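Survey of secondary and tertiary structure
Spelled out from the first residue to the last, the chains are:
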Amino acid sequence: MSDLDVPVVRSTRLWMGRQRWDQVVAEADPATAGRRRKLHLRRREPRHPYRVSCLVRIGEDGNLGVYSVDTCNLSRHGLGFRHDRLLDPDTHCLIALRDSSSNVTLHAARVRWCAPIEPVGFDTGLEFEEPINVSVLIPG
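First things first, this report covers the structure right here in the doc. (Residues numbered from 1 in each chain as written. Predicted model: local features only at pLDDT ≥ 70, side-chain atom pairs only at ≥ 80, totals over all residues. Heavy atoms only, no water.)

Things to note about the pairing of strand E4 (residues 78–83)
- Taken across its 6 residues, E4 has 5 buried, putting it largely inside the fold.
- Both strand E3 (residues 66–74) and E4 contribute to a ladder of 4 bridges, which runs antiparallel. By the bridge assignment for E4, Thr71 is matched with Phe81. (Buried < 20%, exposed > 50% of the residue type's maximum accessible area, 1.4 Å probe, protein only. Helix = DSSP H or I, 4+ residues; strand = E, 2+ residues; numbered from the N terminus. Pairing = 2+ DSSP bridges.)

So, in structure tokens, the structure goes:
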């Protein structure tokens, strides 16, 4: 690394914060990326594309806030979404999902993983406490 790169790295690390910096460095490790790919192979069931905005209450009794998030995928056992905050694994969440009849149902879940994405934000994976009926939420 040249002398010019060191100040850039230091300022980037300060701007991101230590926890996020450590996570970004870990994700850049090829061994970590390989482990994430293997996790996809161990899923209990396939994920269905599911692109909607929904509300998520984060933390016990919503003590970490209520946010509108953009979902990515859905299965009977979990939901993927994008969020602007790093969430710790095992954080409790309550998700409000609208079915094809416009009825809102609440689903308790826990954060299973959270990884940074470019240019900013985090992909987050939740596991539902009870399996859900996906066919009610996904039309067709």
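A word on the nonpolar core
- Val56, Leu74, Leu79, Ile95, Leu97, Leu126 and Phe128 are the most contacted members of the largest nonpolar core, which totals 22 residues.
- Elements with a minimum of two residues in this core: strand E2 (53–58), E3, E4, strand E5 (92–98), strand E6 (104–116), strand E7 (122–128) and helix H4 (134–137).
- Among all residues touching Ile95, those that are not within four sequence positions of it are Cys54, Leu55, Val56, Leu79, Thr105, Leu106, His107 and Leu126. (Core = buried A, V, L, I, M, F, W, Y, C linked by side-chain atoms within 4.5 Å. Contact = heavy atoms within 4.5 Å.)

Quick word on the environment of Asp99
- Positionally, Asp99 belongs in the loop between E5 and E6.
- Judged by its relative accessible area of 13%, Asp99 is buried.
- The sequence separation of Asp99 and Asn133 amounts to 34 residues, and the corresponding C-alpha distance is 10.0 Å.
- Sequence-distant contacts of Asp99, defined by excluding residues within four places in its chain, comprise Val136 and Leu137.
- One polar contact links the side chain of Asp99 to the main-chain amide nitrogen of Ser101, over a distance of 2.9 Å. (Polar contact = N/O pair within 3.5 Å; in protein donor to acceptor, adjacent residues only side chain to side chain.)

Looking at the pattern of salt bridges
- Considering all chains together, one arrives at 3 salt bridges under this definition.
- Here Asp123 ties to Arg82 by a salt bridge, and the two come within 2.6 Å at their closest N and O atoms. One end of the pair, Asp123, is in strand E7; the other, Arg82, is in strand E4, with 41 residues separating them in the sequence.
- A relative accessible area of 17% means that Asp123 is categorised as buried.
- The exposure class assigned to Arg82 is partly exposed, which follows from its relative accessible area of 44%.
- Its salt-bridge partner being Asp90, residue Arg112 comes within 2.5 Å of it at the nearest N-O pair. Separated by 22 residues along the polypeptide, Arg112 in strand E6 and Asp90 in the loop between E4 and E5 bring together distant segments of the chain.
- For Arg112, a relative accessible area of 38% gives the class partly exposed. (Salt bridge = Lys/Arg side-chain N within 4 Å of Asp/Glu carboxyl O.)

Details of the pairing of E2
- What you see with E2 is a clean split: Cys54, Val56 and Ile58 sit on the buried side and Ser53, Leu55 and Arg57 on the side with no burial.
- With 5 bridges connecting them, E2 and E3 associate as antiparallel partners. Within E3, the residue paired with Cys54 across the bridge is Val69.

The analysis is restricted to geometry; functional conclusions fall outside its scope.
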